[in-house]
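Coordinate inspection notes
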Amino acid sequence: MQPKFVVGASIVCVLTVVGVLSPWLAPYDPGKQTLEAALKAPQWFGGANFLGTDSLGRDILSRIIYGARVSLVVAFAVVLISGFVGVTLGAISGYFGGKIDFIIQKLVEVVWAFPALLLAITILAFLGQGLFNLILALVAQRWIQYCRVVRGQALSLRDRDFVMATRALGASNQRIIRRHILPNLIQISLVIGTFSMASAIISEASLSFLGLGVPPEIPTWGTMLADSRSYISTAWWLALFPGLCIFLTVLGINLLGDAIRDLLDPRLKRTVKG
Amino acid sequence: MFGTLPVLLLITLLVFVLLHAAPGDPATMLLGQENTAADLAEAKRRWGLDQPVHVQYVKFVLSAATADLGRSFRFAAPVKEVIAERLPATIELAAFSILIAVVFAIPLGVAAGARPNSWVDNIGTSFGLFGISMPNFWLGIMLILLLAGNFHLVPSGGRSTYGIAGPSQTGFYFLDSVMQRNWAALKDAFLHVLMPALALGVNMIGILMRVTRSSVLETATEEYVVTARAKGLTERIVLWRHILSNALIPIITVVGLELGTLLSGSIIVETVFAWPGVGSLLITGVTSRDYPLVTGLVLMYTVAFVTINLIIDALYAFIDPRIRY
């Protein structure tokens, strides 16, 4: 087992457990304000607030634990939905070709012309804040990665002997795509999905930081960072811990993605061994 | 080349539809709540908001084609001028980020790729992973906290210290200070751009390093490299002449693609550092529902992104003589 895989998988597992069990793990209610205890420095193991409190006296640790939940929900939802949309459209586009392919590829081109964060900002600016809109805004850009790669693969798969043979046996297009094309696209989609999850977490945090993501009453790592900016010279812990969580989470997912890619792409591995 | 135009047209349509699907009325937002119905009607008439949506759209596309992007509600000035005033700041910032990324990432990537599994490779690979996993706005905040707040080495935000630079001629502060031989202003501009450029460039460093490494690794197994070694060429010539010149194509592609990411990254980094560029302008436009400004900016970003990709395509033929269009 590669160390990359172990470290990456552990981080992702910890995040998942913390996210799922946050109501039981958090020492306090993340929204509870105790104004007399505002801006307390981290007390580590010696006091009531392990990682300190924010300007409204809310417990940082509890907010970070609840924030993991939002990151988790957004990341999984974005990866699953964009994966489903992208793989389906890519497979259809590559397998059928012709007019359908042309229309889907024009759509890809239009979305591709937007720098990644810009489309999300534009959509959120017009539709307003909210978890659903945030997921929609992130999916809007991410499905094209799957679509482009899967289309290329599907193009080469459709003329392969085993697909021809199935067609000769009288299988319908739907059956061929579902039973013979899609299973061959799982590996590559898995790799894209892992890296896409990492970028979804950063994007979610960025948008929440800009005040365009989830509503401010929901604690997320991005909004915690946005709140920290007013106290940057007096309360370093407000900015350090949420950011560290984003960084470690993304690092873990990227490690996992690297490990999966090495596992599935023996060509690259051979190169490394030289 | 000709495929670009319909794509741009579709983009304007997409943005326009989104703008008008948005809840909230811009005239009310700009005038505030305490206005009579007559004031509102007058404002709507002046900004053309009382006309049917499709008329507004056709007007917009026609004027955009002649580079007239309308008037900004918020700044009460032509959008073109508002954007043009802010654009040099973003270009300066992006140029510095690319410079930092190229200077750090390519040598590191080549060193790592040339000696796989060595200590250089291990350091380089960790550095690359670190770079791609770093949220740039958090790095920005941490840099402000440490370098500006604790050590007072650099200013925490903005583009220049008031009173040091003379009146700007080009909008590019570096160019201005060199033209005016104002070395204090040059140093000042450099100190101001350092932190935002580092924060903005960190992801590019990571990606560029990883791509350089794997591209060098892959090229190193080619048969002509084996031949070059067998001929008895020194390792240095093999690396620079045979490996690196051929490994350059994917590296250039990534620099080009990352320019787009850099553009959108600048939106958030500019906000963190109060950098007066088009990125922070977009956020201002979005929060004040300045329709013409946001539409103009989105159009500018997409045109820039599409143009960069065209230029990269043209560069391939220059770098690799095997490619001809």
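Residues numbered from 1 in each chain as written. Chains lettered and ligands numbered in written order. Predicted model: local features only at pLDDT ≥ 70, side-chain atom pairs only at ≥ 80, totals over all residues.

1. What to know about the overall build of chain B
This is how the line gets drawn: Strands here are runs of E lasting at least two residues and helices are runs of H or I lasting at least four, both read from the DSSP assignment and numbered beginning at the N terminus. Buried means a residue has 20 or more other C-beta atoms within 10 Å of its own C-beta, exposed means 12 or fewer, and partly exposed covers the counts in between; C-beta atoms are placed from the backbone.
Secondary structure summary: chain B contains 13 helices and zero strands in total. In sequence order, chain B lays out its α and β elements as α-α-α-α-α-α-α-α-α-α-α-α-α. When its C-alpha atoms are laid out on the principal axes, chain B stretches across 85 × 50 × 35 Å. Residues counted as buried form 40% of the 325 residues belonging to chain B.

2. Comments concerning the overall build of chain A
The following threshold applies: Contact definition: two residues whose C-beta atoms, as placed from backbone geometry, lie within 7 Å.
Broken down by element type, chain A carries twelve helices and zero strands. If you list the helices and strands of chain A from N to C, you get α-α-α-α-α-α-α-α-α-α-α-α. C-alpha extents for chain A along the principal axes are approximately 75 × 45 × 35 Å. Relative to its 274 residues, chain A shows a buried fraction of 49%. For chain A, the share of sequence-separated contacts (at least 6 apart) that also reach a separation of at least 24 residues comes to 71%.

3. Observations concerning the confidence of the model for chain A
Formally: Residue-level confidence of the predictor, termed pLDDT, takes values from 0 up to 100.
Here chain A averages 87 in pLDDT, while 96% of its residues score no lower than 70. Throughout residues 269-274 of chain A the model reports pLDDT below 50, and contacts reaching past four residues in sequence, or to other chains, amount to seven contacts.

4. Considering unusual backbone geometry
All names here are of chain B. In the Ramachandran plot, Ala76 falls in the positive-phi region, its phi being about 50° despite a non-glycine side chain. One can find Ala76 in the loop between α4 (53-65) and α5 (79-114). Phi at Ala274 is positive, roughly 50°, even though this residue is not glycine. Following the sequence through the fold, Ala274 ends up in the loop between α11 (235-272) and α12 (278-287).

5. Let's talk about the interface of chain B and chain A
By a widespread convention, an interface's size corresponds to the accessible area lost as its parts come together. Quick reminder of the rule: Side-chain classes follow a simple rule in which Ala, Val, Leu, Ile, Met, Phe, Trp, Tyr, Cys and Pro form the nonpolar group, Asp, Glu, Lys and Arg form the charged group, and the remainder, Gly included, forms the polar group.
Taken together, the contact pairs 42 residues of chain B with 37 residues of chain A. Looking at which element gives the most residues to the side of chain B that touches chain A, the answer is helix α1 (residues 4-21) of chain B, with eight residues. Tallied by class, residues from the side of chain B that touches chain A come to 33 nonpolar, eight polar and one charged.

6. A few points about the packing of helix α10 (residues 223-230) of chain B against α11 of chain B
Residues and elements named next belong to chain B. We count it as follows: Orientation is described by lines fitted to C-alpha atoms, with helices fitted over the stretch in contact, and by angles between N-to-C directions that extend from 0 to 180 degrees. Note on terminology: angles under 35 degrees are roughly parallel, angles over 145 are roughly antiparallel, angles of 65 to 115 are roughly perpendicular, and the others are oblique. Left-handed describes a crossing whose near helix is turned anticlockwise from the far helix through less than a right angle; right-handed describes the clockwise counterpart.
One can describe the packing of α10 onto α11 by two numbers: an axis separation of 10 Å at closest approach and a directional angle of 155°. In this view, α10 runs roughly antiparallel relative to α11, as classed from their interaxial angle. For the pair α10 and α11, the sense of crossing is right-handed. Of the residues in α11, those touching α10 at Tyr224, Val225, Ala228 and Arg229 are Val238, His242 and Ile243.

7. What about helix α7 (residues 136-150) of chain B?
Going by this rule: Take the residue count of a helix, subtract one, and multiply by 1.5 Å to get its expected span.
Over its 15 residues, α7 of chain B runs 20 Å from end to end, which matches the ideal 21 Å to within 8%, given 1.5 Å per residue. What α7 of chain B keeps buried is the set Asn136, Phe137, Trp138, Leu139, Gly140, Ile141, Met142, Leu143 and Ile144 of chain B. Each element contacted by the buried residues of α7 of chain B is listed here: α9 (186-209), α10 (221-228) and α11 (236-264) of chain A together with α9 (183-220) and α11 of chain B. Downstream of α7 of chain B by one or two residues, His152 of chain B has phi in the positive range, about 50°.

8. What to know about the nonpolar core
Note on soluble globular proteins: their nonpolar side chains tend to be buried together. Rules: For our purposes the nonpolar core covers buried Ala, Val, Leu, Ile, Met, Phe, Trp, Tyr and Cys residues that link as a set through C-beta atoms within 7 Å.
Of all hydrophobic cores here, the largest spans 154 residues; its most connected members are Ile121 of chain A together with Leu208 of chain B. At 18 residues, α9 of chain B tops the list of elements feeding residues into this core. In contact with Leu208 of chain B, not counting residues within four places along its chain, are Ala101, Ala105, Ile106, Gly109, Ile251, Val254 and Val255 of chain B.

9. A word on the packing of α9 of chain A against α10 of chain A
Residue and element names in this part refer to chain A. With their axes 7 Å apart at the nearest point, α9 and α10 run at an angle of 40° to one another. The angle between α9 and α10 falls in the class oblique. Judged by the sense of rotation from one axis to the other, the crossing of α9 with α10 is right-handed. Here Glu204, Ala205, Ser206, Leu207, Ser208 and Phe209 of α9 come into contact with α10, specifically with Trp221, Gly222, Thr223, Leu225 and Ala226. Partitioning the contact of α9 with α10 into residue classes produces six nonpolar, four polar and one charged.

10. Here we look at the environment of Leu153 of chain B
All names here are of chain B. Within the secondary structure, Leu153 is located in the loop between α7 and α8 (173-179). C-beta crowding within 10 Å serves as the criterion here: with 12 such atoms nearby, Leu153 is assigned to the exposed category. Expressed as a C-alpha distance, the spacing of Leu153 and Ser118, which sit 35 residues apart in the sequence, is 35 Å.

11. Observations concerning the environment of Ser264 of chain B
Its place among the elements puts Ser264 of chain B in helix α11. Not counting residues within four places of it along the chain, the set of residues in contact with Ser264 of chain B comprises Pro115, Ala116, Leu117 and Leu118 of chain A.

12. Side note on the confidence of the model for chain B
Atom-level detail of predicted coordinates should not be read off regions where pLDDT is low. All names here are of chain B. Averaged over every residue, the pLDDT of chain B is 84; residues scoring 70 or more account for 93%. Confidence, expressed as mean pLDDT per element, reaches its minimum in chain B at helix α2 (residues 26-31) with 64 and its maximum at α5 with 92. Predicted complex metrics record ipTM = 0.88 and pTM = 0.88.

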